[in-house]
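Spelled out from the first residue to the last, the chains are:
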Amino acid sequence: MANQEDDFKKVISHAKEYGYVVQSSEIYDGLSAVYDYAQNGAELKKNIRDYWWRAMVQLHENIVGIDAAIFMHPTTWKASGHVDAFNDPLIDNKDSKKRYRADVLIEDFAAKLEAKAEKEIAKAAKRFGDAFDREQFVSTNLRVLKYREQADEVLTRMARSLESEDLADVKALIEELEIACPISGSRNWTDVKQFNLMFGTRLGATADSSMEVYLRPETAQGIFVNFLNVQKSGRMKIPFGIAQVGKAFRNEIVARQFIFRMREFEQMEMQFFIRPGEQKKWYEYWKDARMKWHLSLGMGESEYRFHDHEKLAHYADAAADIEFRFPFGFKELEGIHSRTDFDLANHEKYSGKKLQYFDPELGEHYVPYVVETSIGLDRMFLAVFSNSLREETLEDGTTRTVLRLPAVLAPVKAAVLPLVKKDGLPELAHEIIEELRWEFMVQYDEKDAIGRRYRRQDAAGTPFCITVDHQTLEDRTVTLRYRDSMEQKRVPINSLSGEIHREVDVKEWLKKASV
Ligand code: ATP
């Protein structure tokens, strides 16, 4: 645990030190769960956004992108269910005065039981060695069965109570399980209350003409209300998708995990409109497609897992998360939801406008069903950033900090470094930059000894260093150094563009998502 915390602290301080992420309004001591992206962070975020947009919009003939406003007519949020149901159950500890999500306290408890079961399994695997039959052990070992059964019971009861709005039972469960506040250690809890996560504000200048509006808590509704506009103007045929990237706002109860849970964040969502009855097929399709997209970045298959939902949101008939191994354990990175016709049918009801599609093959009108893929851009940023940050011990026993960002996402692709600040080397370095900057983000760096500059670029995540030395003046070759392998080779200036392209070309990366 302590290690996890240390690792996470390192991620946060590295993000600040290297110009990725800082607290918002830091000079005023920051604003809770609100963050700014600095020069490198803005580039990395843009590259992730682009990587998603290309995969979803550019590479799909039947998916188009839109950019809807953050403010929407307030009835939108009645229709979507957010006014009535976008709540989290909160509970306060009377001694520490800390506020928690009641469901998270219970889920953490269940996760501990699961961890105990895993421990038993690991112990047995060690004991039995090669002869270990995991499946048999898991299905017969009494301890494992007991832990899992108990976790199951706890989660099922919580889901049932939340579903039926029985908040007293949620509290009773917390008490029965003897869950204590991690800060005070006490079990002195308040009642569980529902808390709506939407931010409200007023639109319009005069008191009587202004209306209460919300900052959107998800981008999806901007897609639903535009469903017919896009379908008609784009002559889209079902199945088709509408994608969008944009800000969303949630007044999260507990927000202590850096950019994992923010009050202002960015979502990348795609709603895929399909024939009713085909949701199972498309749900599986998008689960698979989205996992491939993640794996194409090469961060390791073992870093991801699916988690199927027990407790379904008010709009879903099936839902799964793609979880990622964050520095604090496996947590949701992306959601894939089969939303049925919940949203469109409700918008029809509340707006009085038909939101139907005429299917020429079936010769009938219907309200399409929807499968959604929804990923937090900031969470993806944290996944990429934390996974890439490594402390490495080199062959000579020294260590280096390296940010092994997938090259396609790296903010700066190459740094151009004159070996010394004289003899015309800086001028030549600038000449190379002038040529490369048409294609890539490149940077000039002349301060400190060359070894230190390499280390600085390693830590900043730059995949290539290009060193200009005296030999360059004679034969127009430079040293090209690779961040990950630290290999160096001599290449002519005019082949630099090709060398860099090979590593950062989005086509090569995204091709891996389509196999
Ligand atoms: P969680 O259970 O973690 O609160 P959620 O299930 O409410 O998330 P969704 O409503 O499905 O999340 O939103 C889709 C995606 O948006 C999530 O998978 C996550 O990546 C991102 N997201 C949601 N809330 C936040 C937040 N407060 N900060 C950053 N990203 C978020």
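Here, the structure is the one placed above.
What this report covers is the structure whose coordinates are included nearby. (Residues numbered from 1 in each chain as written. Predicted model: local features only at pLDDT ≥ 70, side-chain atom pairs only at ≥ 80, totals over all residues. Heavy atoms only, no water.)

Turning our eyes to something else, we now look at a nonpolar patch on the surface. Side chains of Ile-70, Phe-71, Leu-203 and Met-211 sit close together on the surface and give an oily, nonpolar patch of about 310 Å² of accessible area. Among the secondary structure elements, Leu-203 is positioned in strand 7 (residues 199–203). (Patch = residues over 30% accessible without salt bridge, like charges linked within 9 Å, V, L, I, M, F, W, Y side chains within 5 Å. Areas by Shrake-Rupley, 256 points an atom, 1.4 Å probe, with all protein chains shown as cover. Salt bridge = Lys/Arg side-chain N within 4 Å of Asp/Glu carboxyl O. Helix = DSSP H or I, 4+ residues; strand = E, 2+ residues; numbered from the N terminus.)

A word on the site of the ligand. Looking at the ligand, there are 17 residues lining it, with Glu-252, Arg-261, Met-262, Glu-332 and Leu-333 nearest. Measuring from an oxygen atom of the ligand, one finds a side-chain N or O atom of Gln-267 at 3.4 Å. Protein coverage of the free-state accessible area of the ligand, which is 590 Å², stands at 87%. Where the shell around the ligand is concerned, the elements lending two or more residues are strand 10 (264–274), strand 13 (329–340) and strand 16 (369–376). A class-by-class count of the residues in the shell around the ligand yields 5 nonpolar, 5 polar and 7 charged. (Near = heavy atom within 4 Å. Polar contact = N/O pair within 3.5 Å; in protein donor to acceptor, adjacent residues only side chain to side chain. Nonpolar A, V, L, I, M, F, W, Y, C, P; charged D, E, K, R; others polar.)

Evaluated as defined, the whole model comprises 27 aromatic pairs. When the ring of Phe-8 is compared with that of Phe-258, the centres are 6.4 Å apart and the planes differ by 75 degrees; the resulting orientation is edge-to-face. Residue Phe-8 is found in helix 1 (residues 2–17), and its partner Phe-258 is found in the loop between strand 9 (240–249) and strand 10; the two are separated by 250 residues along the sequence. Here the two residues Phe-8 and Phe-258 agree in accessibility, since each one is buried. Ring plane angle 90 degrees and centroid distance 6.3 Å describe the contact between Phe-224 and Phe-273, whose orientation is recorded as edge-to-face. Linking Phe-224 in helix 9 (residues 220–224) with Phe-273 in strand 10, this pair joins segments that are 49 residues apart in sequence. What links up through ring pairs into an aromatic cluster is the set Phe-8, Tyr-35, Phe-258, Phe-260, Tyr-304, Phe-324, Phe-326 and Phe-328. (Phe/Tyr/Trp six-rings, centres within 6.5 Å; stacked < 30°, edge-to-face > 60°. Buried < 20%, exposed > 50% of the residue type's maximum accessible area, 1.4 Å probe, protein only.)

Read from one edge of the open sheet, 7 strands run 3-9-10-16-13-12-11, paired in mixed fashion. The open sheet has two edge strands, strand 3 (63–66) and strand 11 (304–308), and neither has a second partner. The mean angle between the axes of side-by-side strands here comes to 25 degrees, regardless of whether they run parallel or antiparallel. Taken strand by strand, helix 11 (residues 279–295) contacts strand 3, strand 10, strand 11, strand 12 (318–326), strand 13 and strand 16, and its axis lies near 20 degrees from that of strand 16. (Pairing = 2+ DSSP bridges. Axes fitted to C-alpha atoms, helices over the stretch in contact; angles between N-to-C directions. Contact = heavy atoms within 4.5 Å.)

Two elements in contact, helix 5 (residues 102–128) and helix 8 (residues 167–176), have axes separated by 10 Å at closest approach and are oriented at 35 degrees. Judged by the twist between their axes, the crossing of helix 5 over helix 8 is left-handed. Contacts from Ala-102, Leu-105 and Ile-106 of helix 5 reach helix 8 at Val-170, Leu-173 and Ile-174. Tallied by class, residues from the contact of helix 5 with helix 8 come to 6 nonpolar, no polar and no charged. (Left-handed = near helix turned anticlockwise from the far one by under 90°.)

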